[in-house]
Amino acid sequence: MSHRRPPPPSETPGIGGERGLAPGVVSHCGSKMVTPGDGGRFLVVFDFDETLVNESSDDAVVRTAPGQVLPDWLKASYREGQYNEQMQRVMAYLAQQGVAESAIRTEIQRIPETPGLSALLDFLRAHAEDFECVVMSDANSYFIETWLQHAGARPLFSEIFTNPAHFDPSGRLVLMPHHDHSCPYCPDNMCKRRILSDFLERRGQAGGRYQRVFYVGDGANDVCPCLVLGDADVAFTRRGFPMHRILTHKQQQQQEPPQAEGGVRASIQPWSSGQEIVEYLQKIVQER
Ligand SMILES: [Mg+2]
Ligand SMILES: [Zn+2]
């Protein structure tokens, strides 16, 4: 196993009738509701693999295996759309091979950050009154907590939405699916659109509407959540990665103006370094 499976064209998220958004969710941050300087905070959503860290953590953990590779029978056991299940088998195999938690922790801590990430996190820390940060990732809670704590970045994030994980008494990292959902475009264990729309709805009900939402990602599973973004929001898509390709293609294909639900309404800003995102957000802060 190397990277998460590449998305077939059919996986490109679209709109789905009953699977569409609950009324009111789409417009949480639409331009009609935003007036400059209205004082609302900004939400910054980060993916983890290849967005916060410069590698897939699932690939990194394979380096703890004997010979630093998985046996062919294990690689061959992957079934389409069952990535979480496959990682459970990988973690069971590592436990059987006697790979200790300390070895896994060390390997996860060693994963390098993406270029310019420190500058971006420093900026967000310095403007904590303006920006709330969360993680939405199909990795797992153990990898993400371990890496963020080691990097000293954990306090910056108010919530981490991912697959729960814990070590059982035999020393195996047990992974659970994040949730059930009905989105036909996402893996069985996680639809980030569902996560984001539920989160925004929950915050909205508590009176915590965001002025704008910024979504920073790289992967195919970062496309679905970008379809709940409004036209004041921004999808930061990593250059040369599937999210940028899919979202750009989708934007080019859609009718103008985009439909109220499920079209790409957010602006797309490609990034290669966190520094580019800092420059964008600096302007936002100055203009508010
Ligand atoms: Mg990713
Ligand atoms: Zn989805």
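Here the structure is a predicted model, which is why all the values come from computation and not from measurement.

A count of helices and strands for the chain gives 10 helices and 8 strands. When burial is assessed residue by residue, the chain has 41% of its 288 residues classed as buried. Considering only residue pairs separated by 6 or more positions, the chain has 73% of its internal contacts joining residues 24 or more positions apart.

Val44, Val45, Tyr215 and Cys226 are the most contacted members of the largest nonpolar core, which has 69 residues in total. Every residue in contact with Val45, bar those within four places of it in the chain, is listed here: Val134, Met136, Leu196, Val213, Tyr215 and Val216.

In the numbering used here, UniProt assigns the "binding site: Mg(2+)" (unreviewed entry) feature to Asp47, Asp49 and Asp218. Taken along the chain, the residues just named run across 172 residues; in space they keep tight, none of their C-alpha pairs more than 8.2 Å apart. Its location among the elements puts Asp49 in the loop between strand E1 (41–46) and helix H1 (57–62). Taking the number of C-beta atoms within 10 Å as the measure of exposure, Asp49 has 25 and is therefore buried. Not counting residues within four places of it along the chain, the set of residues in contact with Asp49 comprises Ser56, Ser57, Ser137 and Ala139.

Conventions we followed
- Residues numbered from 1 in each chain as written.
- Chains lettered and ligands numbered in written order.
- Predicted model: local features only at pLDDT ≥ 70, side-chain atom pairs only at ≥ 80, totals over all residues.
- Helix = DSSP H or I, 4+ residues; strand = E, 2+ residues; numbered from the N terminus.
- Buried ≥ 20, exposed ≤ 12 C-beta atoms within 10 Å, placed from the backbone.
- Contact = placed C-beta atoms within 7 Å.
- Core = buried A, V, L, I, M, F, W, Y, C linked by C-beta atoms within 7 Å.
- UniProt positions renumbered as here; feature names shortened; annotations may be inferred.

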